[in-house]
Amino acid sequence: MNTVTAKANRPMYVRLADELSELLVTGQLKDGDRLPSVRRLVAQKGVSATTAVAALRALEQRGFAVARPQSGYFAKPRRVDVDEPATTRPPPAPHAVGIDSIMVQLIDASQNPLIAALGTAVPDPDLFPLRRLQRVLSAQARRNPRLLGEYSPHYYGAESLRRELLRRYADLGCSVPPDEVVVTNGCTEALNLALRCVTRPGDSVALESPVYYGVLQVLQNLGLQALEIPTHPRDGLRVEALDDALKSRAGRKVRACLLSANFSNPTGACLSDVDKERLVRLCTRRGIPLIEDDIYGDLQHSGPRPLPAKAFDTSGNVILCSSFSKTLAPGARIGWLCGGRFSKTLRLRKFASSGPTAAILQELVAEFLRSGAYERHLVKLRGTYARQVGQVAAAVSRYFPQGTRLTQPRGGFVTWVELPRRLDSLSLFEAAIRHRVNFAPGPLFSATGRYRNFLRLNCGRRMTPQLDAALARLGRLAVRMV
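So, a few notes on the structure that sits alongside this text. Every chain's residues receive numbers from 1 upward, in the order its sequence appears when written. Thresholds applied to this predicted model are a pLDDT of at least 70 for local features of residues and 80 or more for the giving and counting of side-chain atom pairs; totals over whole chains, interfaces and linings are not thresholded and use all residues. Hydrogens and waters are ignored; side-chain quantities use all the structure's heavy atoms.

**Points about helix H13 (residues 343–353)**
(1) Moving on: Remark: exposure states derive from per-residue accessible area (1.4 Å probe, protein chains only) relative to the maximum for the residue type, with buried under 20%, exposed over 50%, and partly exposed in between. Put simply, DSSP H or I for four residues or longer makes a helix, DSSP E for two residues or longer makes a strand, and each gets a number counted from the N terminus. Among the residues of H13, Ser343, Leu346 and Lys350 are the ones counted as buried. Buried residues along H13 cover an arc of 60 degrees about the axis, so they all sit on one side. Exposed residues on H13 whose side chains face more than 90 degrees from its buried face are Lys344, Leu348 and Ala352.
(2) Moving on: Two residues qualify as a contact provided that any one of their heavy atoms is within 4.5 Å of a heavy atom in the partner residue. Buried residues along H13 sit against strand E4 (181–185), helix H9 (186–198), strand E11 (318–323) and strand E12 (334–338).
(3) Moving on: Within two residues after H13, Gly355 carries a phi angle of roughly 70 degrees, on the positive side. This arc is taken over the directions from the axis of the helix to the C-beta atoms.

Have a look at this one:
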């Protein structure tokens, strides 16, 4: 199924909400403008009043509109008027990774319930349909108790879950052969398997800069070096910079490229389809496997779900990795990979690494996908994340020092903050912990310890008076340290 057909198969109210969202994103409708009324949408679009109302409500859930009694729906201000960071300029040589000491401090702080959870990129548990998941899980255990009493015979994933994953990719217009899909214990295991499949200790891996510290930890554990590539905070890795790096002396030891094409962590950047296709062609031409971390791909704040880079792969050179940890059930640890031409080796490595992933949890997720509950849940979740990213951005603009810059991504739930140059985020981190606030310091996101005046904030928690107060404390500390 191609992308055009996939879009046409979405419910009419979703397509209408996407169309209205696009008017807001492109600026054709400004903040505060009155949105078309139900009557006008019925007349102009030829839809029913029920569809028009559902579209406007979906727009409200996404955080793009607000309903005013007796007046209708109005465009809701979302983006804060603040500059974003510049394109990064990491050093052109590969480096060994060593971030363990900072990681220990961050993890310790994240486990303290008295410290505001702005550090690790963990969503609020209340955002997930936990009661429904519990009911489905109980029904699965009653219906088939062997799921608990036996090892799964499906070492590479339950057929039911793999079938649903393939259907979702087909709906995107992304053709994935059935034997490519391997279910894993979260996305981290998928990335580990992919890197172990295509690299050896001492090799280099080309990465976005900044890059998620979990990726750097995986490289460190595997004895790999990181070659950081210039990256725009909104548009993602610079493909031309990667091309130049691969032509250089430093590029000779690069054996893989790993990136998040959709809403990367920590910046929230998203590559255009043109750049995704250029990236896939470049890696294929140079014989360098492309490992894609698409864990945030389902979390666009508006409009259609962006295509993964895998959609442009015609030679099997892209290994796609993802999970449901950010969208549905973090505790289930259900991830997967689509292995391309490396599928056979990846399946063998999965067997030797951890054996089959918990069958009952796979069946839980498969049932949620099959029933359509996952898509309905995503509509609400995307709007919540959009709203919370906007709320954190507004708080940063209120409380942080003059000259602070930040990203305002159109997907995911993290934001990347650039503080005035003379401010050290590691020193700020130590002070913030004493004031019961946690965040991720910038040097965690670079193998070379760069980004000393940067930090990442988690926007996955509901904005409460307590969380706003924590951001205010952090901002006051930063102002004092400038």
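**What about the side chain of Ser264?**
(1) Moving on: Mapped onto the fold, Ser264 is located in the loop between strand E9 (254–259) and helix H12 (273–285).
(2) Moving on: Here a polar contact means two N or O atoms within 3.5 Å. Within protein one must be a hydrogen donor candidate and the other an acceptor candidate, and residues neighboring in sequence count only if both atoms are side-chain atoms. There is a polar contact of 3.2 Å between the side chain of Ser264 and the side chain of Thr267.
(3) Moving on: What Ser264 contacts, discounting residues up to four positions off in sequence, is Glu208, Ala269 and Val414.

**With respect to the sheet that holds E11**
Strand pairing in a sheet relies on backbone hydrogen bonds, with the paired strands running either antiparallel or parallel.
(1) Moving on: Pairing is mixed across the open sheet formed by seven strands, whose spatial order is E4-E12-E11-E10-E9-E5-E6. Each end of this open sheet is capped by a strand with a single partner; those strands are E4 and strand E6 (225–229). If you compare each strand with its neighbour and ignore which way they point, the axes differ by 25 degrees on average.
(2) Moving on: Of the strands in this sheet, E4, strand E5 (204–208), E9, strand E10 (290–293), E11 and E12 are in contact with H9, which crosses E11 at around 160 degrees. When DSSP finds two or more bridges between two strands, those strands count as paired. Axis definition: a line fitted to C-alpha atoms, limited for helices to the stretch in contact. Angles are taken between N-to-C directions and run from 0 to 180 degrees.

**Concerning the packing of H9 against H13**
The description of two helices packed together rests on the angle between their axes and the distance between the axes.
(1) Moving on: The contact between H9 and H13 brings their axes to 10 Å, and the two run at 120 degrees. The orientation of H9 with respect to H13, classified from their angle, is oblique. Helix-helix and strand crossings are classified by hand; for H9 and H13 the assignment is right-handed. On H13, the residues that touch Glu189, Leu193, Ala194, Arg196 and Cys197 of H9 are Thr345, Leu346, Arg349, Lys350 and Ser353.
(2) Moving on: We call Asp, Glu, Lys and Arg charged. Ala, Val, Leu, Ile, Met, Phe, Trp, Tyr, Cys and Pro are nonpolar, and the rest, Gly among them, are polar. By residue class, the composition of the contact of H9 with H13 is four nonpolar, two polar and four charged. Throughout this description, any angle smaller than 35 degrees is read as roughly parallel, any larger than 145 degrees as roughly antiparallel, any in the 65 to 115 degree range as roughly perpendicular, and the remainder as oblique. It is the rotation of the near helix from the far one that decides the hand of a crossing: anticlockwise by less than a right angle makes it left-handed, clockwise makes it right-handed.

**Topic: the pairing of strand E1 (residues 65–68)**
(1) Moving on: As defined by bridge partners, E1 adjoins strand E2 (residues 72–75) across four bridges and the pair is classed as antiparallel. Within E2, the position partnered with Ala67 by the bridge is Tyr73.
(2) Moving on: The antiparallel pairing of E1 with E2 creates a hairpin that spans three residues between the two strands, and Gln70 there sits at a positive phi of about 65 degrees.

**A closer look at the environment of Asn265**
(1) Moving on: Tracing the backbone shows Asn265 in the loop between E9 and H12.
(2) Moving on: It is 16 Å that separates the C-alpha atoms of Asn265 and Leu106, two residues lying 159 residues apart in sequence.
(3) Moving on: Among all residues touching Asn265, those that are not within four sequence positions of it are Ala121, Val211, Tyr212, Tyr296, Val414, Phe445 and Arg456.
(4) Moving on: Within polar-contact distance, the side chain of Asn265 engages the side chain of Arg456 at 3.0 Å.

**Side note on the packing of H9 against helix H10 (residues 213–221)**
(1) Moving on: One way to put it is that H9 packs onto H10 with a least axis distance of 10 Å and a crossing angle of 40 degrees. One element, H9, and the other, H10, form an angle in the oblique class. Viewed along their axes, H9 and H10 form a crossing whose handedness is right-handed. Only Val215, Val218 and Leu219 of H10 make contact with H9, whose side of the interface consists of Thr188, Leu191, Asn192 and Leu195.
(2) Moving on: Residues of the contact of H9 with H10, tallied by class, amount to five nonpolar, two polar and no charged.

**Topic: the pattern of salt bridges**
(1) Moving on: We define a salt bridge as a side-chain nitrogen of Lys or Arg found within 4 Å of a carboxyl oxygen belonging to Asp or Glu. Under the defined criterion, the tally for this structure stands at 22 salt bridges.
(2) Moving on: Residue Arg278 is joined to Glu240 by a salt bridge in which the shortest nitrogen-to-oxygen separation is 3.8 Å. Taken together, the residues span a long stretch of sequence, with Arg278 in helix H12 and Glu240 in helix H11 (residues 239–247) at a distance of 38 residues.
(3) Moving on: Classification of Glu240 as partly exposed rests on a relative accessible area of 39%.
(4) Moving on: Residue Arg305 is joined to Asp294 by a salt bridge in which the shortest nitrogen-to-oxygen separation is 2.7 Å. Note that Arg305 is positioned in the loop between E10 and E11 and Asp294 in the loop between E10 and E11, a separation of eleven residues in sequence. The same class applies to Arg305 and to Asp294, which are both buried.
(5) Moving on: Salt bridges linked by common partners bring Arg168, Asp294, Asp298, Arg305 and Glu375 together as one network.

**So, the sheet that holds strand E14 (residues 414–418)**
(1) Moving on: The antiparallel open sheet is built from four strands, whose spatial order is E13-E14-E17-E16. Single-partner strands in this sheet number two, and they are strand E13 (405–406) and strand E16 (440–441).
(2) Moving on: With two bridges joining them, E13 and E14 adopt antiparallel strand pairing. Counterpart to Arg405 in the pairing with E14 is Glu418.

**Considering the packing of aromatic side chains**
Two numbers describe a pair of aromatic rings. These are the distance of the centres and the angle of the planes.
(1) Moving on: Only centres within 6.5 Å qualify two rings of Phe, Tyr or Trp (six-membered ring in Trp) as a pair; their planes then separate them into stacked at under 30 degrees, edge-to-face at over 60, and tilted for everything else. This structure, assessed with the given rule, holds twelve aromatic pairs.
(2) Moving on: Pairing Tyr451 with Phe454 gives two aromatic rings, centres 5.5 Å apart and planes at 85 degrees, and the pair type is edge-to-face.
(3) Moving on: Overall, the relative accessible area of 8% leaves Tyr451 in the buried class.
(4) Moving on: By definition here, charges over rings are those cases where NZ of Lys or CZ of Arg is within 6 Å of the ring centre and within 35 degrees of the ring normal. Above the face of the Tyr451 ring, Arg450 is positioned so that its terminal group lies 5.7 Å from the ring centre.

**What about a positive patch on the surface?**
(1) Moving on: In this scheme, patches are assembled from residues that exceed 30% relative accessible area and form no salt bridge. Like charges are connected within 9 Å, while nonpolar side chains (Val, Leu, Ile, Met, Phe, Trp, Tyr) are connected within 5 Å. For accessible areas, the Shrake-Rupley method is used with a probe of radius 1.4 Å. Any residue's cover is judged against the shown protein chains and nothing else. The positive count covers Lys and Arg only, the negative count covers Asp and Glu only, and His and the chain ends enter neither. Every charge is mapped onto a representative atom, which is NZ of Lys, CZ of Arg, CG of Asp or CD of Glu. Together, Arg131, Arg132, Arg135 and Arg376 give the surface a local cluster of positive charge.
(2) Moving on: The greatest single-element share of the positive patch, amounting to three residues, is contributed by helix H6 (residues 130–143).
(3) Moving on: Along the chain, Arg132 falls in helix H6.

**Some points on the nonpolar core**
(1) Moving on: Grouped together as the largest cluster of nonpolar side chains are 108 residues, with contacts concentrated most on Phe324 and Leu457.
(2) Moving on: Once residues lying within four places of it in the same chain are set aside, the contact partners of Phe324 are Leu161, Leu165, Ala329, Pro330, Ile334, Trp336, Val365, Leu369 and Tyr374. Here, the term nonpolar core denotes a set of buried Ala, Val, Leu, Ile, Met, Phe, Trp, Tyr and Cys residues that are joined through side-chain atoms within 4.5 Å.

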